[in-house]
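Observations on chain architecture
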Amino acid sequence: MTVMENISALNTPLLQVDGLTKRYGARIGCADVSFDLWPGEVLGIVGESGSGKSTLLSCLAGHQTPDLGRVRYEDRDVLAMAETERRRLSRTDWAYVHQNPRDWLRMGVSAGGNVGERLMAIGGRHYGQIRETATDWLGRVEIASDRIDDRPSAFSGGMQQRLQIARNLVTSPRLVFMDEPTGGLDVSVQARLLDLLRGLVRDLGLSVIIVTHDLAVVRLLAHRLMVMKSGRVVEQGLTDQVLDDPQHAYTQLLVSSVLQV
Amino acid sequence: MTDQSYNFAYLDEQTKRMIRRAILKGIAVPGYQVPFASREMPMPYGWGTGGVQVTAACLVPEDRLKVIDQGADDTTNAVSIRKFFARTAGVATTERTDEATVIQTRHRIPETPLTPDQILVYQVPIPEPLRFLEPRESETRKMHELEEYGLMHVKLYEDIARHGQIATSYAYPVRVEGRYVMDPSPIPKFDNPKLSGCPAIQLFGAGREQRIYALPPWTEVVSLDFDDHPFEASKAAHDCDLCGAGHSYLDEVITDDQGTRMFVCSDTDFCAGRREAGHQGRLWASQPEAAE
Amino acid sequence: MYVAVKGGERAIDNAHDWLAQERRGDPAVPELSVAQIREQMKLAVNRVMAEGSLYDPDLAALAIKQAQGDLIEAVFLIRAYRTTLPRFAASRPVETADMVVDRRISATFKDLPGGQVLGPTFDYTHRLLDFTLMAEAEGCDTGPEQGTPEPAIPVPHVTQFLNRDGLIEEAPHSDDPPPDLTREPLELPADRALRLQAITRGDEGFILSMAYSTQRGYGRTHAFVGELRIGKVAVTVDIPELGFAVEIGEINLTECETVNQFKGSRTEPPQFTRGYGLVFGQSERKSIAMSLVDRALRWNELGEDFTGSPAQDEEFVLSHCDNIQATGFLEHIKLPHYVDFQAELELVRRLRSEAQSQQEAAE
């Protein structure tokens with residue numbers, strides 16, 4: 001990359017979302033959501049269940065088709081993309097970490113095979129190198145290298161989630177979608193996972209959109225925050241600003257923990 | 001004698017046209033599985049109905065047909081299919097690979113190199129190479145469409161991780177002209193290299209699964225592998241006990257109650273041809289009368 | 001010694017001769033005529049016609065005779081014959097509302113226009129072996145009491161009454177020619193017409209088990225037999241040269257319509273839904289099973305949840321219901337597989353010897 005390109009890359013948002021709306025019949029999934037995500041930025045989306053945050057995430061990742069609005073990734077129209085191109089994007093530049101790793105891992109395939117799949121999908125054809133990379137990534141997510149040939153069904157919930165993260169990050173994506181990545185885990189396991197995620201995001205310079213109902217997660221990870229209620233964004237700003245000085249009544253309720261979400 | 005109560009080569013001309021269209025499409029898009037309206041044939045599904053329909057659509061009265069099963073002309077199903085065409089099409093038949101214009105095969109590619117004026121028709125039980133990784137047709141078609149073949153290599157990866165090598169010995173998946181991943185039918189992987197750059201037309205018919213696919217002449221066909229675990233066309237480490245061939249695929253035959261074995265060419269025509277030319281294997285010289 | 005299989009041709013001929021002898025059985029016992037099978041093995045004939053997709057009781061009886069009573073083999077004979085037949089025309093849809101019924105029952109209404117007609121049924125028989133049949137001295141029974149034959153009264157479909165009140169989903173008429181499973185490859189997802197076509201020629205045992213599984217909770221649809229009718233309908237064909245349709249004959253059909261519970265969705269008010277079965281001949285079990293499976297497969301268009309049940313899974317049901325495909329593929333594994341097996345043998349030997357040498361190296 002030339003210096004000029006470097007500068008212009010820094011001056012363009014990685015993802016531009018404009019007026020995104022998704023309805024289910026008469027019910028609103030999410031309505032009129034707009035934001036920019038910059039390279040290296042972590043955006044948290046919080047709200048109670050049913051607030052539309054998961055709908056929003058799956059529309060952004062192209063898993064659902066929104067009714068209105070635009071999503072641009074590096075000046076490419078994501079919604080107008082052919083399925084081939086979108087799928088290619090989703091196994092190279094993008095990654096998606098789901099709440100329940102068991103649904104997204106190949107439970108009948110070894111940990112090494114799980115991590116190696118994306119490499120092979122984009123043309124990796126050297127067994128030794130694939131295995132080396134998989135070993136390296138297992139190490140990064142704190143899974144002992146001698147577990148490489150074990151199947152994920154023999155792993156604990158926390159290990160499965162870390163394996164899912166390794167499986168997704170192995171192709172060095174630039175944009176990661178995370179849907180309640182710490183959900184369903186014990187508190188102590190959650191803390192360790194959050195620590196790990198924070199390290200990875202920083203070291204790899206990832207851009208992340210993370211959906212959660214857990215304010216502790218976004219306080220630790222997110223630079224910026226969007227608060228959603230009934231499918232709409234009610235407040236957004238820098239994380240500390242929103243959490244320490246909430247303006248919207250709903251955010252105040254969230255932050256004061258009166259609302260148990 | 002042709003059986004006059006049926007059309008030439010059994011199928012009616014409309015049906016043959018439909019099958020030829022599928023064949024042409026298959027040749028135009030090498031390795032792509034073309035759906036076709038497979039007919040119910042007078043032999044059971046799984047017994048070569050796909051191959052028989054493709055052969056029927058290709059045959060002309062001047063053709064000379066060879067049918068092999070497991071490489072041999074005299075195995076029961078090969079005999080049955082050869083008789084079927086002798087009866088319904090009245091075409092000449094042969095056991096000689098080099099004399100045949102159309103060869104229908106199950107599980108082997110002849111050892112004798114094929115020529116540009118030949119058609120090799122394979123009987124295919126399960127045409128979908130991804131089937132045992134993903135049972136849904138709707139999903140596997142999408143994977144082909146989007147060239148999502150990562151899963152195929154995951155399987156090979158798992159083999160190496162567990163066994164130290166790729167543990168697929170037949171129906172070994174191939175990639176055609178860098179595009180479609182294809183099942184070569186259950187031929188031993190020893191035969192895989194013969195798929196590539198073959199001067200003959202290779203047609204694959206799966207009757208029950210209603211698919212036809214094809215390799216036009218000189219198509220590049222690559223067996224899937226890893227750079228550091230390259231594909232290897234393996235066979236039993238023996239020579240043929242009848243003709244002495246050291247480079248042909250062998251059947252293992254148990255010859256007595258003590259489990260004594262002998263190895264013989266699975267391609268019976270190839271083996272006989274070598275013996276006619278004076279080649280002798282370990283057991284041929286001692287007991288020539290035993291083989292008639 | 002050279003022992004590889006030789007002489008296949010003669011062996012095959014001999015096997016076929018033996019088979020013919022076996023079919024005939026003891027020559028001291030009189031040979032069964034095709035007419036006897038057609039008349040006295042009617043339900044077997046019906047099944048062969050239904051799964052063979054060819055309405056011809058004589059040929060079906062012949063196939064049963066030739067197949068020694070192996071019904072799947074008989075279906076196979078019929079199917080192989082059927083594909084060779086030229087197609088002169090497609091009939092108009094048969095009008096089952098005009099059926100001359102032998103049997104017509106509804107489980108949802110006690111009485112209804114047209115009445116409940118029990119007809120020839122095994123229902124309510126005690127399943128006791130009737131040894132008098134063994135004596136082969138059937139009395140010349142006069143058959144059922146025959147009153148003066150009533151003039152054929154119209155027997156309207158039960159679902160029509162529900163429909164009038166909007167209590168059951170509409171089943172709109174369509175003039176689209178249905179796809180033809182025997183002339184086009186099955187492509188999924190299939191529409192309802194194609195699904196019904198596949199199920200009606202599907203294996204009775206398979207369809208029965210699928211239907212049964214829905215009753216036991218694997219894709220439950222809460223079915224009532226709204227109506228089951230068996231009888232004759234006229235087959236009419238448009239003759240382009242004449243400009244009108246002529247009746248070319250009558251066939252026996254069994255039709256079943258189930259009425260199923262439905263809670264309604266966001267867009268639809270609560271109403272009953274339908275499952276449909278139509279089978280050649282008197283094939284009661286099959287038609288009821290068919291309508292249950294049809295209904296279970298409709299989860300998507302009715303906005304219901306997919307619960308992962310086999311009977312809801314279109315690809316699973318349609319890919320596996322055909323017994324001719326199934327039996328062919330199942331039985332093909334008895335064909336020689338020397339070559340593949342040899343390849344596996346070599347691989348296992350190699351893996352074992354490598355494992356052994358590794359073990360020795362470790363020790």
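What comes next is a walk through the structure. Everything numeric here is computed off the predicted structure, so don't read it as measured data.

Observations regarding unusual backbone geometry
With omega at 0°, the peptide bond leading from Leu188 of chain C into Pro189 of chain C counts as cis. Here Pro189 of chain C is to be found in the loop between α6 (158-164) and α7 (192-200). Non-glycine residue Gln210 of chain B carries a positive phi angle of around 55°.

A look at the packing of aromatic side chains
Residues and elements named next belong to chain C. Considering all chains together, one arrives at 14 aromatic pairs over all chains under this definition. Relative to Phe280, the ring of Tyr55 has its centre 5.3 Å away and its plane inclined at 85°; by these criteria the two rings are edge-to-face. Residue Tyr55 is located in the loop between α3 (42-52) and α4 (57-66), and its partner Phe280 is located in strand β4 (residues 273-280); the two are separated by 225 residues in the primary sequence. Given the relative accessible area of 26%, Tyr55 is considered partly exposed.

Some details on the pattern of salt bridges
All names here are of chain A. All told, the structure shown has 69 salt bridges over all chains when counted by the stated rule. Arg131 is the partner of Asp149 in a salt bridge, and the nearest nitrogen-oxygen pair spans 3.0 Å. With Asp149 in the loop between α5 (127-140) and α6 (157-169) and Arg131 in helix α5, this pair connects stretches of sequence that are 18 residues apart.

Structural notes on the interface of chain A and chain B
At the junction of the two partners, chain A supplies 23 residues and chain B supplies 20 residues. A buried area of about 1,800 Å², summed over both sides, lies between chain A and chain B, and 57% of it is on carbon and sulfur atoms. Contact with chain B buries area across many residues of chain A, yet Arg87, Arg125 and Tyr127 of chain A alone supply 40% of it, more than any other trio. Where chain A packs against chain B, one counts two salt bridges. Where Glu148 of chain B meets Arg87 of chain A, a salt bridge forms, and the shortest distance between an N and an O atom there is 2.8 Å. Counting across the interface, chain A meets chain B through 10 residue pairs in polar contact (both at pLDDT 80 or more). Of all the elements in the fold, those that place two or more residues in the side of chain A that touches chain B are α3 (83-91), α4 (111-121) and α5 of chain A. Per element, the largest residue contribution to the side of chain A that touches chain B is five residues, and it comes from α4 of chain A. Taken together, the residues of the side of chain A that touches chain B sort by class into six nonpolar, eight polar and nine charged.

Remarks on the sheet that holds strand β1 (residues 100-105) of chain C
All names here are of chain C. An order of β1-β2-β3-β4 is seen for the four strands of this open sheet, with the pairing classed as antiparallel. Unpaired on one side and paired on the other, β1 and β4 mark the two borders of the sheet. Averaged over neighbouring strand pairs, the angle between their axes works out to 25° when direction is ignored. In this structure, β1 lies alongside strand β2 (residues 223-239), joined through five bridges in antiparallel fashion. Considered in β2, the bridge of Ile105 is made with Leu228.

Side note on the arrangement of the chains
Counting contacts across all two pairs of chains found in contact, the highest total belongs to chains B and C. At the level of C-alpha atoms, the two units chain A and chain C stay apart, their nearest approach being 8 Å.

Quick word on the pairing of strand β9 (residues 224-229) of chain A
Note on strand geometry: in a regular strand, side chains alternate between the two faces of the sheet. Residues and elements named next belong to chain A. Burial runs high along β9: five of the six residues are buried. The pairing of β9 with strand β10 (residues 232-238) spans six bridges and is classified as antiparallel. Bridge pairing in β10 places Met228 opposite Val233. Hairpin connection from β9 to β10: two residues lie between these consecutive antiparallel strands, with Ser230 at a positive phi of about 50°.

Definitions and cut-offs
- Residues numbered from 1 in each chain as written.
- Chains lettered and ligands numbered in written order.
- Predicted model: local features only at pLDDT ≥ 70, side-chain atom pairs only at ≥ 80, totals over all residues.
- Heavy atoms only, no water.
- Helix = DSSP H or I, 4+ residues; strand = E, 2+ residues; numbered from the N terminus.
- Phe/Tyr/Trp six-rings, centres within 6.5 Å; stacked < 30°, edge-to-face > 60°.
- Buried < 20%, exposed > 50% of the residue type's maximum accessible area, 1.4 Å probe, protein only.
- Salt bridge = Lys/Arg side-chain N within 4 Å of Asp/Glu carboxyl O.
- Contact = heavy atoms within 4.5 Å.
- Buried area = accessible area lost by both parts, 1.4 Å probe.
- Polar contact = N/O pair within 3.5 Å; in protein donor to acceptor, adjacent residues only side chain to side chain.
- Nonpolar A, V, L, I, M, F, W, Y, C, P; charged D, E, K, R; others polar.
- Pairing = 2+ DSSP bridges.
- Axes fitted to C-alpha atoms, helices over the stretch in contact; angles between N-to-C directions.

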